[in-house]
Amino acid sequence: MDLSPEVIQAISAGLVAIIAALTAWQQKKVKELTARVVELEKQMAEERGKFKAAVRVIRGLQRYIDDLCAAMRRAGQDPPPNPVVIPAELEEEI
């Protein structure tokens, strides 16, 4: 096969077109993934806010239960056993 300048130029042009197409595809994917990361970070912040609010409610309920149990003991009654077991992974949070 004779590699004339025209053939080399045609092959080069084809390679450049392929590389340009791949680069455009990669840029599109990077843009899509960047947008998805932004969305996921937003969702994570919202979920973190919900989690913190839930922890505040649980802490408040725990204080309320403790107060009720103390009031029952002062009144000479034994409070019922707590059926809820706090998971170990939440012990530090609550």
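Just above, that's the structure.
Here's a quick rundown of the structure. Computed from a predicted model, the values in this text were never measured in an experiment.

**Topic: the overall build of the protein**
Now for step 1: A count of helices and strands for the protein gives two helices and zero strands.
Now for step 2: Its C-alpha radius of gyration of 32 Å places the protein more than 25% over the 12 Å reference for a compact globule of 94 residues.
Now for step 3: Taken over the C-alpha atoms alone, the protein extends approximately 105 × 25 × 15 Å along its principal axes.
Now for step 4: In the protein, which comprises 94 residues, the share counted as buried stands at 4%.
Now for step 5: Accessible surface for the protein amounts to roughly 8,400 Å². Of this, 63% is attributable to carbon and sulfur atoms.
Now for step 6: The distance from the centre of the 13 positive side-chain charges to the centre of the 14 negative ones in the protein is 8 Å.

**Re the pattern of salt bridges**
Now for step 1: Inspection of the entire model under this criterion finds two salt bridges.
Now for step 2: The closest approach of N and O atoms between E32 and K29, which form a salt bridge, is 3.5 Å. A residue pair is termed a helical-turn pair when its members lie 3 or 4 positions apart in one helix, as E32 and K29 do in helix α1 (residues 5-74) at three residues.
Now for step 3: In this structure, the salt-bridge partner of K50 is E47, at a minimum N-O distance of 3.8 Å. With K50 and E47 both in helix α1, this residue pair falls three residues apart, about one helical turn.

**Structural notes on a positive patch on the surface**
Now for step 1: Taken together, R48, K52, R56, R59 and R63 make up a surface patch of like positive charges.
Now for step 2: Note that R63 resides in helix α1.

**Focus: a nonpolar patch on the surface**
Now for step 1: Among the surface-exposed residues, L3, I8, I11, L15, I18, I19 and L22 lie close enough to one another that they form a single nonpolar patch of about 670 Å² accessible area.
Now for step 2: Here I11 shows up in helix α1.

**Some thoughts on the environment of A53**
Now for step 1: Within the secondary structure, A53 sits in helix α1.
Now for step 2: Considering only alpha carbons, one finds A53 and L15, 38 residues apart in sequence, at a separation of 56 Å.

Criteria and cut-off values
Going along each chain's sequence as written, the residues are numbered from 1 onward. Confidence filtering applies because this is a predicted model: local features only for residues at pLDDT of at least 70, side-chain atom pairs given and counted only at 80 or more, and all residues used for totals across whole chains, interfaces and linings. Values shown for side chains rest on all heavy atoms present in the structure; no hydrogens or waters enter the calculation. For the purposes of this entry, the term helix denotes a DSSP run of H or I that reaches at least four residues, the term strand denotes a run of E that reaches at least two, and both are numbered from the N terminus. Radius of gyration: over C-alpha atoms. The globule rule applied is 2.2 Å multiplied by the number of residues raised to the 0.38 power. To sort residues, take the accessible area from a 1.4 Å probe on protein chains only and compare it with the maximum for the residue type: under 20% means buried, over 50% means exposed, and anything in between is partly exposed. Using the Shrake-Rupley algorithm and a 1.4 Å probe, accessible areas are obtained, with residue cover drawn only from the displayed protein chains. Under this rule, positive means Lys or Arg and negative means Asp or Glu; His and the chain ends count for nothing. For charged residues, the charge sits on one atom: NZ in Lys, CZ in Arg, CG in Asp, CD in Glu. Salt bridge, as applied in this entry: a Lys or Arg side-chain nitrogen positioned within 4 Å of an Asp or Glu carboxyl oxygen. In this scheme, patches are assembled from residues that exceed 30% relative accessible area and form no salt bridge. Like charges are connected within 9 Å, while nonpolar side chains (Val, Leu, Ile, Met, Phe, Trp, Tyr) are connected within 5 Å.

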